[in-house]
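Take a look at the letters that make up each chain.
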Amino acid sequence: MSARRAILALVALAALAGVPWYGSDVLVQFGINTLLLAVLAQGWNIIGGYAGYASFGNSVFYGLGSYGVAIAMVQWELPFAAGLALGVVFAVAFALLLGMPVLRLRGHYFAIATLALAQVMTAIVSNIELAGQNIGLVLPPLNNDPLFYELSLGLLVLATLTVAWLTRSKFGFGLIAIRENEEGAAVMGVNTTLYKVAAFALSGVFSALAGGIHAYWITFLDPESAFDISLNVKMIIMAVFGGAGTVLGPVVGAFSLSAISELLSSEITSVAGLFFGMVIVAAVVLMPRGLADVLRRYRKSGWRYFIENIRMHRL
Amino acid sequence: MDLLAQILVNGILLGGLYAVMAQGLALVWGVLNIVNLAHGAFIMLGAYASWYLYTDLGVDPFLGLPITAAALFVLGYALQRGLLNLVVRAPMFNTLLITFGLEVVLTYLAQLAFSADFRTINPPYAGDSYALGPVTLPMARLAAFGVAVALTLGMWLFLLHSRLGRAIRATAQNLVAARLYGVEPRHLYAVTFGLGLALAGAAGGLYGTVSQINPYIGATLTAKCFAISIIGGLDNPLGVLVGGLFLGIIESLTTLYVGPTFADVASFGILVLVLFLRPSGLLGRAA
């Protein structure tokens, strides 16, 4: 079973890696966007899915990563890799400085504090001269979509392998313990503060790398788009749609939701957004634990699976 | 000095409106534990309802408020009964996501129905104002403020003294015990959400008399309502009033002394500070 799964994963990976050779330009561009969204969803999965802290501030990491690359390449004329490293440094510093106080909050309060942080960051960055203030920064263009595609794919594989490692490491068990019962975890000897901050930082590193790749690909950066709050909601929806707290759920969620939204906007342009909203509502009601759970349990109970979900969560 | 007095008055008038906007969000959050990400979109819907009543049917925006509020109450009751009650016991992400999905749906519906153009509700008295010494009081804002304060006080009296209000507070404190005392939670949840939306609808009507409306104002308004509810605390409508006034004054002062782009920084910065220092609100119980 495990060997079959590994072969299947390798075949899927090879098929994905080959897209720039047999796919159209449009498909490659769609692929880059989708892969980066999948990285964001996977990054969010660490803090949101495993530790159970619903961060609405992961877009800050993404923005910091974008600005790391832009500042390094435009203002200091350093190579792209140095920019990525700078973005990671920004993200980790942010996670350490603000993670401590914010991670003391629970539940909705944590979600809203992180949402507010994302708002504050937009305003702060638009007043920093080094970051180009409101106008933003223009990066040197590099017209090499296949390269950006493979970079994004590589990053997604790295993020997914990290989450896979997480599920069988002491660190990952600690996070799950925090999600299930934080006081209990602390009593059992889990250093909850350290674990939470580490999970926040790790989730930030992947988001920052995705932001850095995106900035160089798009070659233009301004505060509004770099710290776009709707990006946060997108990554959460993708992770939850696929299955938060599972290894492949966020990836499956990102791929399937991107495909649905792309199809909708090409088929029924004017009402695509409306249908997207309805898909979210229906998904939350019918499959609150995501596609991963549907695939696992639908075979056994069929359509009754959906009714059971509703029965479990209704008033 | 005159300028400062005028700014303070503007801030207070704005704050009253903010307070009634946040009132519904705080009620739904405090009682049902649902953080309604679509709250701002319902305010937007209320504003359009008022706009429609005024431009197409000639109903004065202030007289139209009860109609708008009633319509949104019905919508809220139906949504909670038919949809949100199905997920209230699901994990937090799910309720956040479902209300976000509703926000998307409402924004697109409004865009289809009303187009993306800016609209204003302009009754004949919109330009009138009173002079109070050196300070100018715009009539529409003053009336909006008066209605907002009246709604807040009414809400407070209702929750404190009416039978239904007590049932709502009892449910917020202990659902199981409330059920044992004969409260029917499905109906009560729907009534509470309906009340939250009725307040949003009234707030939207008031907002439309002092500001421009378009289908996309919802998200920003939701964020402001969060800030106010958290500053004021969720247990008490009067706390929300104080939170609204506080935010209105801070925003007006920041706009004057630092610059308009910083108004949002100020409100969200304060929100973060309050969360760090007193997570249950300035007037709430200590955490």
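For the structure, check the block above.
Chemist: Just to check I follow, could you spell out the overall build of chain A for this structure?
Modeler: Of regular secondary structure, chain A possesses 16 helices and 2 strands. The C-alpha atoms of chain A give 20 Å as radius of gyration, which agrees with the globular expectation for 315 residues (20 Å, within 12%). Each of the 315 residues in chain A was classed as buried or not, and the buried ones make up 54%. Within chain A, counting contacts between residues at least 6 apart in sequence, those at least 24 apart form 76% of the total. When the accessible surface of chain A is totalled, it reaches about 13900 Å², and 67% of it is carbon and sulfur. Computed over 17 positive and 15 negative side-chain charges, the inter-centroid distance for chain A is 21 Å.

Chemist: Just to check I follow, could you spell out the nonpolar core for this structure?
Modeler: Within the largest apolar cluster, 188 residues are counted, with the highest numbers of intra-cluster contacts made by A:Tyr67, A:Leu175 and B:Met21. The leading source of residues in this core is helix α10 (residues 192-218) of chain A, at 14 residues. Sequence-distant contacts of B:Met21, defined by excluding residues within four places in its chain, comprise B:His39, B:Ile43, B:Ala203, B:Tyr207, B:Leu221 and B:Cys225.

Chemist: In this structure, what is going on with the interface of chain A and chain B? I would like to understand it.
Modeler: The extent of an interface is frequently quoted as the accessible surface area lost upon association of the parts. In this assembly, 43 residues from chain A lie in contact with 42 residues from chain B. Summed over both partners, the interface of chain A with chain B comes to about 3900 Å²; 80% of that surface belongs to carbon and sulfur atoms. For the chain A face of the interface with chain B, the top three residues by lost area are A:His108, A:Tyr109 and A:Leu315, together amounting to 21%. The interface formed by chain A and chain B contains 0 salt bridges. Sorting the residues of the side of chain A that touches chain B by element identifies α3 (25-50), α5 (80-102), α6 (107-125), α12 (229-242), α14 (272-286) and α16 (304-313) of chain A as the ones contributing at least two each.

Chemist: Please clarify how the packing of helix α1 (residues 2-32) of chain B against helix α10 (residues 237-257) of chain B should be interpreted in this entry.
Modeler: Relative orientation and spacing of two packed helices are given, respectively, by the angle between their axes and the distance between those axes. Residue and element names in this part refer to chain B. Closest axis-to-axis distance for the α1/α10 pair is 6 Å, and the angle between their directions is 140°. The angle between α1 and α10 falls in the class oblique. Here α1 and α10 pass one another in a crossing that is right-handed. Considering only residue class, the contact of α1 with α10 consists of 19 nonpolar, 8 polar and 1 charged.

Chemist: Teacher, can you tell me more about unusual backbone geometry here?
Modeler: When glycine is set aside, most residues are seen to have a negative phi, and most peptide bonds are trans. Not every positive phi belongs to a glycine, and A:Thr219 is a case in point at roughly 65°. Mapped onto the elements, A:Thr219 comes out in the loop between α10 and β2 (220-221). Since its relative accessible area comes to 18%, A:Thr219 is described here as buried. Of note in the backbone geometry, B:Asn33 takes a positive phi value of approximately 60° without being a glycine. For B:Asn33, a relative accessible area of 47% gives the class partly exposed.

Reading guide: rules and limits
- Residues numbered from 1 in each chain as written.
- Chains lettered and ligands numbered in written order.
- Predicted model: local features only at pLDDT ≥ 70, side-chain atom pairs only at ≥ 80, totals over all residues.
- Heavy atoms only, no water.
- Helix = DSSP H or I, 4+ residues; strand = E, 2+ residues; numbered from the N terminus.
- Rg over C-alpha atoms; globule rule 2.2 N^0.38 Å.
- Buried < 20%, exposed > 50% of the residue type's maximum accessible area, 1.4 Å probe, protein only.
- Contact = heavy atoms within 4.5 Å.
- Areas by Shrake-Rupley, 256 points an atom, 1.4 Å probe, with all protein chains shown as cover.
- Lys, Arg positive; Asp, Glu negative; His and termini not counted.
- Charge placed at Lys NZ, Arg CZ, Asp CG, Glu CD.
- Core = buried A, V, L, I, M, F, W, Y, C linked by side-chain atoms within 4.5 Å.
- Buried area = accessible area lost by both parts, 1.4 Å probe.
- Salt bridge = Lys/Arg side-chain N within 4 Å of Asp/Glu carboxyl O.
- Axes fitted to C-alpha atoms, helices over the stretch in contact; angles between N-to-C directions.
- Parallel < 35°, antiparallel > 145°, perpendicular 65-115°, else oblique.
- Left-handed = near helix turned anticlockwise from the far one by under 90°.
- Nonpolar A, V, L, I, M, F, W, Y, C, P; charged D, E, K, R; others polar.

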